[in-house]
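Next come the chains, spelled out residue by residue.
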Protein chains: 2
Amino acid sequence: MHIDAVDQRIIASLVADARASYAEIGGRVSLSAPAVKRRVDRLRAAGVIKGFTAVVDPAAVGWTTEAFIELFCTGRTTPAQISAATRRHPEVVGAYTVSGEADAIVHLRAADIAHLEQTLERLRAEPFVTSTRSMIVLSRLLESPTVVAAPS
Amino acid sequence: MHIDAVDQRIIASLVADARASYAEIGGRVSLSAPAVKRRVDRLRAAGVIKGFTAVVDPAAVGWTTEAFIELFCTGRTTPAQISAATRRHPEVVGAYTVSGEADAIVHLRAADIAHLEQTLERLRAEPFVTSTRSMIVLSRLLESPTVVAAPS
DNA sequence: GATGAAAGTACCACGCG
DNA sequence: CGCGTGGTACTTTCATC
């Protein structure tokens, strides 16, 4: 699947405002509304655009505490196991296997410290977890929903 | 600002599909389209809903490499300094000050390892950075765009 | 370009303090 | 009685063919 410069600009438009009309996007990229729609449909079908979502302030819905947890796992732990385990916890908003000391890093979001501690305890109870190292988020400096700029 | 159960369901609807029509959301929460629009406008004005965005597959736009970088800073470094510095780099998709050994954690997304290394070098060149520790992401197991479930 | 749907606006009705 | 919230009616804009 090839993504040209116009596709890039359409994607950038939708990332900036997913509720923009096709006509509005078309005006920005010099295309008619139906032409934009066809491209968007194609991008969605190709999996480039996975969907459209609202950006919600976590604090406003009561989730004020955040942490990154480094997971240290037993020798024979597969990414699939970690994935399955983290998926069971709704507090997990991100999970990645990484190189370095730790085997994985988990991004948690909870209502408060007590809730976070409780989630951490549940994570530590997973059989393959040997130890964890917590980094409580003191302040969120930056968080881009997505990035679409072309690679330099 | 008070968010009631209906607001929660509207938010959940929009997180699931930001391009849903007001009538469609209204059908789900038993409200008329204008009533839904009024609530959405109110939620946006209050900053609960920060905006609407497209969820894009980073790999599809050529950004295949990802890392978390722990930053260790000089004694008198303010969060504002870190924020300003990370904001200058488009590869930074998230930045947080944290408790623990490191002072901050930075989430990077780059085209490839070379691009990542180059970005890391630029970050390390910031005057307040004394050292860094990199965790290259081997696989992304999970990444929720947003969370809206009510705190338990 | 034409048609049907959705967004956006205006105005009125109801319930609560 | 004023304020908040919801509904209906209507106009304009957009999606879709």
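Residues numbered from 1 in each chain as written. Chains lettered and ligands numbered in written order. Predicted model: local features only at pLDDT ≥ 70, side-chain atom pairs only at ≥ 80, totals over all residues. Heavy atoms only, no water.

- Going by an unreviewed UniProt entry, chain A carries the name Lrp/AsnC family transcriptional regulator and comes from Plantactinospora siamensis.

## Overview of the overall build of chain A
No. 1: When helices and strands are tallied, chain A shows 5 helices and 5 strands.
No. 2: Each helix (α) and strand (β) of chain A, taken in turn from the N terminus, gives the series α-α-α-β-β-α-β-β-α-β.
No. 3: The C-alpha atoms of chain A give 20 Å as radius of gyration, which overshoots the globular expectation for 152 residues (15 Å, by more than 25%).
No. 4: Each principal axis of the C-alpha atoms in chain A carries an extent, and together these give about 55 × 35 × 30 Å.
No. 5: Burial statistics for chain A: of 152 residues in total, 50% are counted as buried.
No. 6: A separation threshold of at least 6 residues defines the contact pool for chain A, and within that pool the share at least 24 residues apart is 67%.
No. 7: On chain A, roughly 6800 Å² of surface is accessible, and the fraction owed to carbon and sulfur atoms is 54%. (Helix = DSSP H or I, 4+ residues; strand = E, 2+ residues; numbered from the N terminus. Rg over C-alpha atoms; globule rule 2.2 N^0.38 Å. Buried < 20%, exposed > 50% of the residue type's maximum accessible area, 1.4 Å probe, protein only. Contact = heavy atoms within 4.5 Å. Areas by Shrake-Rupley, 256 points an atom, 1.4 Å probe, with all protein chains shown as cover.)

## Remarks on the interface of chain B and chain A
No. 1: Opposite the 67 residues of chain B that make contact, chain A presents 66 residues.
No. 2: Summed over both sides, the interface of chain B with chain A buries roughly 6100 Å², with 59% coming from carbon and sulfur.
No. 3: Counting across the interface, chain B meets chain A through 2 salt bridges.
No. 4: In this structure, E101 of chain B and R133 of chain A form a salt bridge, with 3.4 Å as the shortest nitrogen-oxygen distance.
No. 5: Counting every contact that joins chain B to chain A gives 33 residue pairs in polar contact (both at pLDDT 80 or more). (Buried area = accessible area lost by both parts, 1.4 Å probe. Salt bridge = Lys/Arg side-chain N within 4 Å of Asp/Glu carboxyl O. Polar contact = N/O pair within 3.5 Å; in protein donor to acceptor, adjacent residues only side chain to side chain.)

## Topic: the packing of helix α1 (residues 5-16) of chain B against helix α2 (residues 22-29) of chain B
Residues and elements named next belong to chain B.
No. 1: Taken N-terminus to C-terminus, the directions of α1 and α2 make an angle of 130 degrees; their axes are 10 Å apart at the nearest point. In terms of axis orientation, α1 runs oblique to α2. Considering how the two elements wind past one another, α1 and α2 form a crossing that is right-handed. In this structure, α1 uses V6, R9, I10, S13 and L14 to contact α2, whose residues at the interface are I25, R28 and V29. (Axes fitted to C-alpha atoms, helices over the stretch in contact; angles between N-to-C directions. Parallel < 35°, antiparallel > 145°, perpendicular 65-115°, else oblique. Left-handed = near helix turned anticlockwise from the far one by under 90°.)

## Quick word on the relation of the copies chain B and chain A
No. 1: Of the transformation superimposing chain B on chain A, the axial component is 0.1 Å and the angular component is 180 degrees, with the fit at an RMSD of 0.2 Å. Both chain copies can therefore be described as sitting about a two-fold axis.
No. 2: A shared binding surface is used by both copies, with 99% of the interface residues of chain B retained as interface residues in chain A. (Least-squares fit on C-alpha atoms with pLDDT ≥ 70 in both.)

## Quick word on the protein's contact with DNA strand C
No. 1: With respect to spatial proximity, the complete set of residues near DNA strand C consists of R19 of chain A together with S21, Y22, A23, P34 and K37 of chain B.
No. 2: At 3.5 Å from a phosphate oxygen of DNA strand C is found a side-chain nitrogen or oxygen belonging to R19 of chain A.
No. 3: Among the elements of the structure, α2 and α3 (33-45) of chain B are those that each provide at least two residues to the surface near DNA strand C.
No. 4: Of the residues in the surface near DNA strand C, the class split is 3 nonpolar, 1 polar and 2 charged. (Near = heavy atom within 4 Å. Nonpolar A, V, L, I, M, F, W, Y, C, P; charged D, E, K, R; others polar.)

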